[in-house]
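Summary of structural features
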Amino acid sequence: MTPRFDDLVDAVLAGTPATAADALDVLRAPDDELLSLVAAAARLRRKHFGDTVKVNYLVNLKSGLCPEDCHYCSQRLGSEADILRYTWLGPAEALEQATAGLRGGATRICMVSSGRGPTDRDVERVAGLVGTLKGEHPDVEVCACLGLLKDGQAERLREAGVDAYNHNLNTAESHHDSIVTTHTYADRVATVKKAKDAGLSPCSGLIAGLGESDEQLVEALVALRDLDSDSIPVNFLMPFDGTPLEGTWDLTPGRCLRILAMARIVCPDKEIRIAGGREMHLRSLQGLALHVANSIFLGDYLTSEGQAAEADLELIRDNGFVVLGADRPDSPGTHPPTRAGSPATRRRGAGTDVPANA
């Protein structure tokens, strides 16, 4: 056991940014230093975000039917994945879905549409939804994710009340052309810059598990730092059958935890969001990951189901955190008790004719 990660965090707290070499060292931390790494990265998380967890909720306004060929995506051109496919939700249904997320504890609603990018009519459609939603819930944050933006569209979204715009870099520039050919890495960077220039908070992250190298993961995170992304969703590949990356299982819970710790150390004061694939890949380490990240999605994702929303909220409470914007417990360090149900009486195994639970 060495204090090297504490020393690294001390340097970051003192104002010295982590280098690419530092990030690579974090990503390659041995198993017997994993808890020390998490404890060190947690100091940065606590300094900048205290004990709060930001809860976000996705509304998939249009699912599937996308002309882009992103290899990781179940909505891609030619995808044979068994997902929901529909054109734009009607305004009433879209608002009903958003309101459900707010009732569950979300403070940010992410309005997402598949496709290369929005038409001006699409932008107006989203603008109308945002106006109605904010009329009913003035404090809600809205993040739009509509694809590649044309000139003037970011400004229109900002005028309508959109707070943030998501467009992930997804991977390193050096790996980009291996996973998509219908648009360029530069196209993605340009959209993030358009959003930022229009006064929208830039939300841009990555997907881990796309066959990238350690060095390329570091490259992607350093690029996100250079782009000054306010929110960094860290997704873990969900290898849908019917996509080019089906059957790709390169991630372990420990590696996912190291990736999140690296994101925190490279981008110490940014919102690090555990995004798609957390249940599948972090598994029993989800709670530990909250000590590094400060944001999650509630419930389901775009084309896949997440764990029950109440389980998400229980995860936050059980790990000593509170939902950002929620009422705090009366006493410091205490949280509302939860009831898991009565003990299940054993009716199998020894003393019965039923096979053991083994």
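What counts and what doesn't
Residues numbered from 1 in each chain as written. Predicted model: local features only at pLDDT ≥ 70, side-chain atom pairs only at ≥ 80, totals over all residues. Heavy atoms only, no water. Phe/Tyr/Trp six-rings, centres within 6.5 Å; stacked < 30°, edge-to-face > 60°. Buried < 20%, exposed > 50% of the residue type's maximum accessible area, 1.4 Å probe, protein only. Helix = DSSP H or I, 4+ residues; strand = E, 2+ residues; numbered from the N terminus. Expected span 1.5 Å × (residues − 1). Arc of directions from axis to C-beta. Axes fitted to C-alpha atoms, helices over the stretch in contact; angles between N-to-C directions. Parallel < 35°, antiparallel > 145°, perpendicular 65-115°, else oblique. Left-handed = near helix turned anticlockwise from the far one by under 90°. Contact = heavy atoms within 4.5 Å. Nonpolar A, V, L, I, M, F, W, Y, C, P; charged D, E, K, R; others polar. Salt bridge = Lys/Arg side-chain N within 4 Å of Asp/Glu carboxyl O. Core = buried A, V, L, I, M, F, W, Y, C linked by side-chain atoms within 4.5 Å. Pairing = 2+ DSSP bridges. Right-handed = clockwise from strand over helix to strand, strands pointing away.

Considerations on the packing of aromatic side chains
Applying the stated criterion across every chain yields a total of 1 aromatic pair. Relative to Y301, the ring of F297 has its centre 6.2 Å away and its plane inclined at 80 degrees; by these criteria the two rings are edge-to-face. The pair formed by F297 and Y301 is uniform in burial state, with each residue classed as buried.

Looking at helix α8 (residues 185-197)
When the terminal C-alpha atoms of α8 are compared, their 19 Å separation across 13 residues agrees well with the 18 Å that a helix rising 1.5 Å per residue should span. Taken together, the buried positions of α8 are occupied by Y185, R188, V189, T191, V192 and A195. The buried residues of α8 occupy one face: seen down the axis, they fall within an arc of 160 degrees. Exposed residues on α8 whose side chains face more than 90 degrees from its buried face are A186 and D197.

Focus: the packing of helix α2 (residues 20-27) against helix α9 (residues 214-227)
For the pair α2 and α9, interaxial distance at closest approach is 10 Å and the crossing angle is 125 degrees. Taken together, the axes of α2 and α9 lie oblique to each other. Crossing of α2 over α9 shows right-handed handedness. Here A20, A23, L24 and L27 of α2 lie close against α9, whose contacting residues are D214, E215, L217 and V218. When its residues are assigned to classes, the contact of α2 with α9 shows 6 nonpolar, no polar and 2 charged.

Observations concerning the pattern of salt bridges
Scanning all chains against the criterion turns up 24 salt bridges. Ionic pairing is found between R4 and D25, a salt bridge with its closest N-O pair at 2.5 Å. In this pair, R4 sits in helix α1 (residues 4-13) while D25 sits in helix α2, placing the two residues 21 residues apart along the sequence. Its salt-bridge partner being R43, residue D6 comes within 3.0 Å of it at the nearest N-O pair. In this pair, D6 is assigned in helix α1 and R43 in helix α3 (residues 34-49), connecting sequence segments 37 residues apart. Looking at D6, the relative accessible area reads 35%, which means it is partly exposed. Using a relative accessible area of 32% as the deciding quantity, one classes R43 as partly exposed.

Structural notes on the nonpolar core
Counting residues in each nonpolar core, the largest one holds 90 residues, and the members touching the most others are F236 and I265. Among the elements that make up this core, the one with the highest residue count is helix α10 (residues 253-266) (9 residues). Counting 10 residues, the second largest nonpolar core, distinct from the first, contains C143, C203, A275 and F297.

Focus on the packing of α3 against α10
With their axes 9 Å apart at the nearest point, α3 and α10 run at an angle of 40 degrees to one another. Here α10 runs oblique to α3, going by the angle between their axes. Crossing handedness for the pair α3 and α10: left-handed. Residue-level contacts link L34, L37, V38, A41, L44, R45 and F49 of α3 to G254, L257, R258, A261, R264 and I265 of α10.

Remarks on the environment of A164
Within the element layout of this structure, A164 appears in strand β4 (residues 164-166). Of the residues examined, A164 reaches a relative accessible area of 0% and is grouped as buried. Distance from A164 to A289, taken between C-alpha atoms, is 24 Å for residues 125 residues apart in sequence. Those residues in contact with A164 that lie beyond four places of it in its chain are R108, V142, C143, A144, L200 and S201.

Considerations on helix α13 (residues 309-318)
Inspection of α13 places D312, L313, L315 and I316 among the buried residues, and these make up the whole buried set. End-on view of α13: buried residues confined to an arc of 150 degrees, all on one side of the axis. On its buried side, α13 packs onto β1 (52-62), α11 (278-281), α12 (286-289), β9 (295-297) and β10 (322-323). Backbone geometry just downstream of α13 places G320 in the positive-phi region, at approximately 85 degrees.

So, the pairing of strand β2 (residues 108-113)
Taking burial as the measure, the 6 residues of β2 include 6 buried ones, the bulk of the element. Alternating residues of β2 divide into R108, C110 and V112 and I109, M111 and S113, and every residue in both groups is buried. Summarising the sheet, β1 and β2 pair through 6 bridges and their orientation is parallel. Bridge pairing links Y57 to I109 in β2. Bridge count for β2 against strand β3 (residues 141-145) is 5 bridges, and the pairing is parallel. Looking across to β3, one finds that C110 is bridged to C143. With respect to chirality, the unit in which β2 leads through helix α5 (residues 120-136) into the neighbouring parallel β3 is right-handed.

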